[in-house]
Amino acid sequence: MTTLQYVLELLGTFFFAISGALAVRDQHDDLFGAGFMGFVTAIGGGTLRDIMLGSYPLVWIGDINFLYAILLGVITAYFFFKYLIQLKRTFVLFDTIGISFFTIIGVEKALSLGVQPEIAAIMGMFSAVMGGVIRDVLTNETPVLFKKEIYATACLLGAVVYLILVKLNLDRDINLIISSAVIFVFRIVSIKYKLTLPNFKR
Amino acid sequence: MTTLQYVLELLGTFFFAISGALAVRDQHDDLFGAGFMGFVTAIGGGTLRDIMLGSYPLVWIGDINFLYAILLGVITAYFFFKYLIQLKRTFVLFDTIGISFFTIIGVEKALSLGVQPEIAAIMGMFSAVMGGVIRDVLTNETPVLFKKEIYATACLLGAVVYLILVKLNLDRDINLIISSAVIFVFRIVSIKYKLTLPNFKR
Amino acid sequence: MTTLQYVLELLGTFFFAISGALAVRDQHDDLFGAGFMGFVTAIGGGTLRDIMLGSYPLVWIGDINFLYAILLGVITAYFFFKYLIQLKRTFVLFDTIGISFFTIIGVEKALSLGVQPEIAAIMGMFSAVMGGVIRDVLTNETPVLFKKEIYATACLLGAVVYLILVKLNLDRDINLIISSAVIFVFRIVSIKYKLTLPNFKR
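Residues numbered from 1 in each chain as written. Chains lettered and ligands numbered in written order. Predicted model: local features only at pLDDT ≥ 70, side-chain atom pairs only at ≥ 80, totals over all residues. Heavy atoms only, no water.

The name given to chain A in an unreviewed UniProt entry is Trimeric intracellular cation channel family protein, and the organism recorded there is Chryseotalea sanaruensis. In its Sequence similarities (unreviewed entry) section, the UniProt entry covering chain A states "Belongs to the UPF0126 family." (UniProt positions renumbered as here; feature names shortened; annotations may be inferred.)

Set out below in structure tokens:
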């Protein structure tokens, strides 16, 4: 793992923790509740992936820096709450960068553990979105997965693009950039033009 | 494992995926939401069992055919939604066959990993019902476990019957059929005659 | 592990199972629903901790006595429901003793598996409170974690005290008593004087 990637992962964790902590609602808005939600949002997806793959130690248990990135995120959210909460649009941007990047990192980790490409794609998507899903379940919200907007589908698509480009022997760093960009663009475009998937019931 | 059992497991997974996908509600009825629910319903119980027992790789991660059985189930649910949704009674039948069979398979797997019979009974029940419970939690429904009808209790009873017959050295295939039948009959009878367990509060 | 500690753990499991079973609501108040909730409340926290740490077998799977402690708790709750439900104040007391003790046991287990102290503190808190959180999620309640009262925070504080006293080489049994007492006193005082954490939104 390059130093750049490590820094990006810590940064992504930091932003996930901020967005989790900002999701506090009226019924649970104290320091602990917000901190816990920041924590769960940041580590949930990767934790579920690693438990399903039987990969120990979990990333945040093996490397304490991730815990400090989360703590820093929660503290940042605490001191700049009023300011950050107005930056909703900026946060959709950060969140989208985050899920794009974490999807591909998750796919790579799963592949490195020897699973089939189809499983790796699911694991990549899980890494990116399940932290938010667990957070939503804990707070009795409808998980973001089930909202009409395109979210996890973009992650799946990017994961598939990554896997195809691996087959084509594309350079790994270029592939990481391209397939992350696919997720990012697909999600932003679908927000802007309110694209949705076909309805199941019709 | 015999070929017949393998085919039955794939078939059970296929039916679980259909019943999960059909459970879409108005607030999350797109293709991804339904597919995800089919997936979770089909793999949730076995995944929880194997994680609790520390048995890796998880079944659907080690054998890609289960993923394709799920995909086929979701696609079937998509194309025949209007038709299938009218078959409610048929689906209770399929679901009951499914939980009967998966309970006993789960008990056997737990026993083969060396746990005590009491634990194996719980694991069998988990294999059968926890996929639906996770699905219900994700969609903010009251989990089927907590509804008045007899559901998980039938699984527990069948698991106990299986364990007793193992003690009595009954042939395994015959045992599988008898104890699955106990679950099936107990559940169908309790639906028909609206049987319920004693109320806890009285 | 001393015999005393083993007895205390079984006793704690017994009380957790009672308090879980008593939490039945009108929509799921049969024998199975209550038993399942007792079970989940009693084993949830330790199970999540051990899965995250990759420590197998899980405590209740490796030692069948824990299952019997739970069963006894559920049966006790069933036969003395009307009596026990009036003892609310007594139960807050038992619950507080329970989380105080289980937090420190959880910290010790995590430390013994070689994780960093910060991680051990989180694992101790998880051991104590996540059983109740999982129970609340299954029944669509707001998890106790997110209520205004001080709960998990007390566990975290006690865990930190324990870790500091370990650094200072205090005798282990004395440390266990002191840091459990910190949790107990902090929680009881905060209930009595309605102390809350700073509000995140301000």
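We are not done yet, so read on.
Attention now moves to the overall build of chain A. On a plain count of helices and strands, chain A comes out with 9 helices and 0 strands. Over its C-alpha trace chain A gives a radius of gyration of 17 Å, about what one expects of a compact globule, namely 17 Å for 202 residues. Principal axes of the C-alpha set define a box for chain A whose edges measure 50 × 45 × 25 Å. Relative to its 202 residues, chain A shows a buried fraction of 57%. Nonlocal contacts in chain A, meaning residues at least 24 apart in sequence, comprise 72% of its contacts between residues at least 6 apart. A total of about 8,800 Å² of accessible surface is found on chain A, and carbon and sulfur atoms cover 69% of it. (Helix = DSSP H or I, 4+ residues; strand = E, 2+ residues; numbered from the N terminus. Rg over C-alpha atoms; globule rule 2.2 N^0.38 Å. Buried < 20%, exposed > 50% of the residue type's maximum accessible area, 1.4 Å probe, protein only. Contact = heavy atoms within 4.5 Å. Areas by Shrake-Rupley, 256 points an atom, 1.4 Å probe, with all protein chains shown as cover.)

Copy one and copy two of the chain differ by a rotation about a common axis and a shift along it. When chain B is brought onto chain A, the operation consists of a screw motion whose angular component is 120° and whose axial shift is 0.0 Å, with 0.0 Å RMSD remaining. Taken together, the turn and the small shift mark the pair as related by a three-fold rotation axis. An overlap of only 11% is found between the interface residues of chain B and their copies at the interface of chain A, pointing to separate contact surfaces. (Least-squares fit on C-alpha atoms with pLDDT ≥ 70 in both.)

Another point: the layout of surface pockets. Residues and elements named next belong to chain C. Here the largest pocket defines a volume of roughly 1,100 Å³. Lining the largest pocket are 36 residues, and of these K88, F91, V92, D95 and R187 lie nearest its centre. For the lining of the largest pocket, the elements supplying multiple residues, two or more each, are α1 (3–22), α2 (31–53), α6 (88–112), α7 (117–138) and α9 (172–192). Here the residues of the lining of the largest pocket are counted per class, giving 18 nonpolar, 6 polar and 12 charged. (1 Å grid on protein atoms, 1.4 Å probe; cavity = no way out; pocket = protein on both sides within 12 Å on 5 of 7 lines; lining within 4 Å. Points joined across faces, edges and corners; volume = space filled by probe spheres on them. Nonpolar A, V, L, I, M, F, W, Y, C, P; charged D, E, K, R; others polar.)

Residue and element names in this part refer to chain C. Within the secondary structure layout, D95 lies in helix α6. No salt bridge forms around the buried D95; measuring N to O, its nearest opposite-charge neighbour R187 is 4.4 Å away. Discounting residues that sit within four places of it in the chain, D95 has contacts with F16, S19, Y151 and R187. (Lys, Arg positive; Asp, Glu negative; His and termini not counted. Salt bridge = Lys/Arg side-chain N within 4 Å of Asp/Glu carboxyl O.)

What follows concerns the pattern of salt bridges. Residue and element names in this part refer to chain A. This structure, assessed with the given rule, holds 15 salt bridges over all chains. For K109, the salt bridge identified is with D50, shortest N-O distance 3.1 Å. Remark: D50 occurs in helix α2 (residues 31–53) and K109 occurs in helix α6 (residues 88–112); sequence separation between them is 59 residues. The class for K109 is partly exposed, based on a relative accessible area of 22%.

Here we take up the nonpolar core. Judged by nonpolar contacts, the single largest core of 202 residues is most densely connected at W60(A), W60(B) and W60(C). Residues in contact with W60(B), not counting those within four places in the same chain, are M52(A), I119(A), M123(A), F39(B), I43(B), T47(B) and F66(B). (Core = buried A, V, L, I, M, F, W, Y, C linked by side-chain atoms within 4.5 Å.)

Quick look at the UniProt feature "domain: Glycine transporter" (unreviewed entry) in chain A now. Here the UniProt-annotated "domain: Glycine transporter" (unreviewed entry) positions come out as residues 7–80 and 93–165 of chain A. Between the C-alpha atoms that bound residues 93–165 of chain A there is a distance of 25 Å. The span itself is 77% helix and 0% strand.

Below, the discussion takes up the side chain of T41(B). Residue and element names in this part refer to chain B. Structurally, the position occupied by T41 is in helix α2 (residues 31–53). Its relative accessible area of 6% is what places T41 among the buried residues. Look past the residues within four positions of T41 in its chain and what remains in contact with it is F16, S19, G20, G131, G132 and R135.

So, about a nonpolar patch on the surface. Residue and element names in this part refer to chain A. Among the surface-exposed residues, Y68, L71, I75, F79, F80 and Y83 lie close enough to one another that they form a single nonpolar patch of about 670 Å² accessible area. Top element by residues in the nonpolar patch is helix α4 (residues 65–79). It accounts for 4 residues. Mapped onto the elements of the fold, F80 is located in the loop between α4 and α5 (81–84). (Patch = residues over 30% accessible without salt bridge, like charges linked within 9 Å, V, L, I, M, F, W, Y side chains within 5 Å.)

Residues and elements named next belong to chain A. Cross-referencing UniProt, the feature "transmembrane region" (unreviewed entry) maps to residues 6–24, 31–52, 58–81, 90–107, 150–168 and 174–193 in the present numbering. Secondary structure content for residues 150–168 is 84% helix and 0% strand, and the end C-alpha separation is 27 Å. Segment residues 174–193 splits into 95% helix and 0% strand. End C-alpha atoms: 28 Å apart.

This next bit is on the relation of the copies chain A and chain C. With an RMSD of 0.0 Å, chain A superimposes on chain C once it is rotated by 120° and translated 0.0 Å along the axis. Taken together, the interface assignments show that only 12% of the residues at the interface of chain A recur at the interface of chain C, consistent with different surfaces on the two copies.

Residue and element names in this part refer to chain B. Between α2 and helix α7 (residues 117–138), whose axes approach to 7 Å, the crossing angle comes to 135°. What the angle tells us is that α2 and α7 run oblique. The handedness of the crossing between α2 and α7 comes out as right-handed. Each of F36, M37, V40, T41, G44, G45, G46, L48, R49, M52 and L53 in α2 lies in contact with α7, whose residues at this interface are M123, F126, S127, M130, G131, G132, I134, R135 and L138. For the contact of α2 with α7, the residue count by class is 11 nonpolar, 7 polar and 2 charged. (Axes fitted to C-alpha atoms, helices over the stretch in contact; angles between N-to-C directions. Parallel < 35°, antiparallel > 145°, perpendicular 65-115°, else oblique. Left-handed = near helix turned anticlockwise from the far one by under 90°.)

All names here are of chain A. Looking at the element boundaries, D63 is found in the loop between α3 (59–62) and α4. When the C-alpha positions of D63 and N175 are compared, they lie 26 Å apart, and in sequence the two are 112 residues distant. Within the structure, the side chain of D63 is placed 3.0 Å from the backbone nitrogen of N65, a separation counted as a polar contact. (Polar contact = N/O pair within 3.5 Å; in protein donor to acceptor, adjacent residues only side chain to side chain.)

Let us look at the interface of chain A and chain C. Listed per partner, the contact involves 34 residues of chain A and 33 residues of chain C. Across the chain A/chain C interface, buried area totals approximately 3,000 Å², and carbon plus sulfur atoms make up 68% of it. Sorting the residues of chain A by area buried against chain C places F32(A), I61(A) and Y78(A) first, and these three jointly supply 21% of that buried surface. Our count for the chain A to chain C interface comes out at 0 salt bridges. Counting every contact that joins chain A to chain C gives 4 residue pairs in polar contact (both at pLDDT 80 or more). Secondary-structure elements contributing two or more residues to the side of chain A that touches chain C are α2, α3, α4, α5 and α7 (117–138) of chain A. (Buried area = accessible area lost by both parts, 1.4 Å probe.)

Another point: the interface of chain B and chain A. Across the contact, 35 residues belong to chain B and 33 residues belong to chain A. Roughly 3,000 Å² of surface becomes buried between chain B and chain A when both sides are summed, with 69% attributable to carbon and sulfur atoms. Scanning the region where chain B abuts chain A turns up 0 salt bridges. The tally of links between chain B and chain A comes to 4 residue pairs in polar contact (both at pLDDT 80 or more). For the side of chain B that touches chain A, the secondary-structure elements that each account for two or more residues are α2, α3 (59–62), α4 (65–79), α5 (81–84) and α7 of chain B. In terms of residue count, the dominant contributor to the side of chain B that touches chain A is α2(B) (10 residues). When the residues that make up the side of chain B that touches chain A are grouped by side-chain class, the tally is 24 nonpolar, 6 polar and 5 charged.

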